[in-house]
Amino acid sequence: QVQLVESGGGLVQAGGSLRLSCAHSGRTFSTYAMGWFRQAPGKEREFVAAISWSGTSTYYADSVKGRFTISRDNAKNTVYLQMSSLKPEDTAVYYCAREGMDSGPYYSATHYDYWGQGTQVTVSS
């Protein structure tokens, strides 16, 4: 079965940067769009960013535009989320996901079928 293995989370001060990585274990990684979501305590999971299979199209939540960058390296079966100018409100568990059967828009969790385990990002002030 497909597995998504995340890394790169941790504790960082406001204004700092982190890069999250998500490695895809399957052999058809390059044919799927990928997304990042996050969930803060007591809140619903929210869309962060998405990237097309080719890497040429990217999409961002308004809350992270200009600060976060999603990218992918299909040769390494890996998608990245570069997070800069971090704010305390960015604190959440971050999940990567692979799209499924297009059962919803790209910004909806229903668009994705496989999910990573989640990695904690904590931004202190």
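Computed from a prediction, not measured in an experiment: that's the story for all the values here. (Residues numbered from 1 in each chain as written. Predicted model: local features only at pLDDT ≥ 70, side-chain atom pairs only at ≥ 80, totals over all residues. Heavy atoms only, no water.)

Student: Could you give an account of a nonpolar patch on the surface, with specific residues and numbers?
Tutor: A cluster of nonpolar side chains, namely Tyr59, Tyr106 and Tyr107, defines an oily patch on the protein surface of about 310 Å² accessible area. Among the structural elements, Tyr106 can be located in the loop between strand 9 (92-99) and strand 10 (112-115). (Patch = residues over 30% accessible without salt bridge, like charges linked within 9 Å, V, L, I, M, F, W, Y side chains within 5 Å. Areas by Shrake-Rupley, 256 points an atom, 1.4 Å probe, with all protein chains shown as cover. Salt bridge = Lys/Arg side-chain N within 4 Å of Asp/Glu carboxyl O. Helix = DSSP H or I, 4+ residues; strand = E, 2+ residues; numbered from the N terminus.)

Student: Please provide a residue-by-residue account of the environment of Tyr95, values included.
Tutor: Along the chain, the position of Tyr95 falls in strand 9. Judged by its relative accessible area of 14%, Tyr95 is buried. Between the alpha carbons of Tyr95 and Glu46 there is a distance of 10.0 Å; along the sequence they are 49 residues apart. Here Tyr95 is in contact with Glu6, Gly35, Trp36, Phe37, Gln39, Arg45, Trp115, Gly116, Gln117 and Gly118, once residues within four sequence places are set aside. (Buried < 20%, exposed > 50% of the residue type's maximum accessible area, 1.4 Å probe, protein only. Contact = heavy atoms within 4.5 Å.)

Student: Which residues make up the sheet that holds strand 7 (residues 68-73), and what are the values?
Tutor: Pairing is antiparallel in the open sheet, where four strands are placed in the order 1-3-8-7. Because the sheet does not close on itself, it has two edges, and the strands there are strand 1 (4-7) and strand 7. When the angles between neighbouring strand axes are averaged without regard to direction, this sheet yields 15 degrees. With six bridges joining them, strand 7 and strand 8 (residues 78-83) adopt antiparallel strand pairing. Residue pairing in the sheet places Arg72 in a bridge with Val79 of strand 8. (Pairing = 2+ DSSP bridges. Axes fitted to C-alpha atoms, helices over the stretch in contact; angles between N-to-C directions.)

Student: Explain the pairing of strand 5 (residues 46-51) to me, and be specific about the residues and the numbers.
Tutor: In terms of burial, strand 5 is a largely internal element, five of the six residues being buried. Note: strand 4 (residues 34-39) against strand 5, five bridges, orientation antiparallel. Counterpart to Arg38 in the pairing with strand 5 is Glu46. Once strand 4 ends, the chain turns through six residues before running back antiparallel as strand 5, passing Gly42 with a positive phi of about 75 degrees.

Student: Please provide a residue-by-residue account of the pattern of salt bridges, values included.
Tutor: Tallied over the full model, the rule gives five salt bridges. A salt bridge links Lys65 to Asp62; the shortest N-O distance between them is 3.3 Å. Here Asp90 ties to Arg67 by a salt bridge, and the two come within 2.7 Å at their closest N and O atoms. Placement of the pair is Asp90 in the loop between strand 8 and strand 9 and Arg67 in the loop between strand 6 (58-60) and strand 7, with a sequence separation of 23 residues. When sorted by exposure, Asp90 lands in the same class as Arg67, which is buried. Three or more residues are tied together by salt bridges with common partners; here these are Arg38, Glu46, Arg67 and Asp90.

Fair warning: the whole summary comes from geometry, so function is off the table for now.
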